[in-house]
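Report on the structure
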Amino acid sequence: MDFIVALPRTQRGKDSIMAVVDRFTKMVHFMACHKVDDASHVADLYHREIIGLHGVPKTIISDSDASQPQQSSNSQEHSKEATD
């Protein structure tokens, strides 16, 4: 799941795209949204467009960019231990 932002506004005022990729089939869903949509609206959009068509996914991976802080190596070790 990733967001493409800072696009020109559509006639309906949408200025961003939420992209959801199925890693197995490489199928992509592109959903128009607003840059300022909150988590509740994004979850509703995801439920309507993805879960409604394909069911609940086993995993969700969100691509983080350079503007988002990365996990420290210490916290990665703890999360790896928790999954082992």
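The paragraphs below set out a description of the structure included in this document. Note that the structure is predicted; figures quoted are calculated from it, not measured. (Residues numbered from 1 in each chain as written. Predicted model: local features only at pLDDT ≥ 70, side-chain atom pairs only at ≥ 80, totals over all residues. Heavy atoms only, no water.)

**Observations concerning the layout of surface pockets**
- Considering only enclosed or pocket space, the largest pocket measures out at about 510 Å³ in volume.
- Around the largest pocket, the lining comprises 18 residues; the ones closest to its centre are Val21, Asp22, Arg23, Pro57 and Thr59.
- Secondary structure elements with two or more residues in the lining of the largest pocket: β2 (16–21) and α1 (39–54).
- Per element, the largest residue contribution to the lining of the largest pocket is three residues, and it comes from α1. (1 Å grid on protein atoms, 1.4 Å probe; cavity = no way out; pocket = protein on both sides within 12 Å on 5 of 7 lines; lining within 4 Å. Points joined across faces, edges and corners; volume = space filled by probe spheres on them. Helix = DSSP H or I, 4+ residues; strand = E, 2+ residues; numbered from the N terminus.)

**Some words on the environment of Phe3**
- Inspection of the secondary structure puts Phe3 in strand β1 (residues 2–4).
- Classification of Phe3 as partly exposed rests on a relative accessible area of 36%.
- Expressed as a C-alpha distance, the spacing of Phe3 and Cys33, which sit 30 residues apart in the sequence, is 9.3 Å.
- Setting aside residues no more than four positions away along its own chain, Phe3 makes contact with Ile17, Met18, Cys33 and Val42. (Buried < 20%, exposed > 50% of the residue type's maximum accessible area, 1.4 Å probe, protein only. Contact = heavy atoms within 4.5 Å.)

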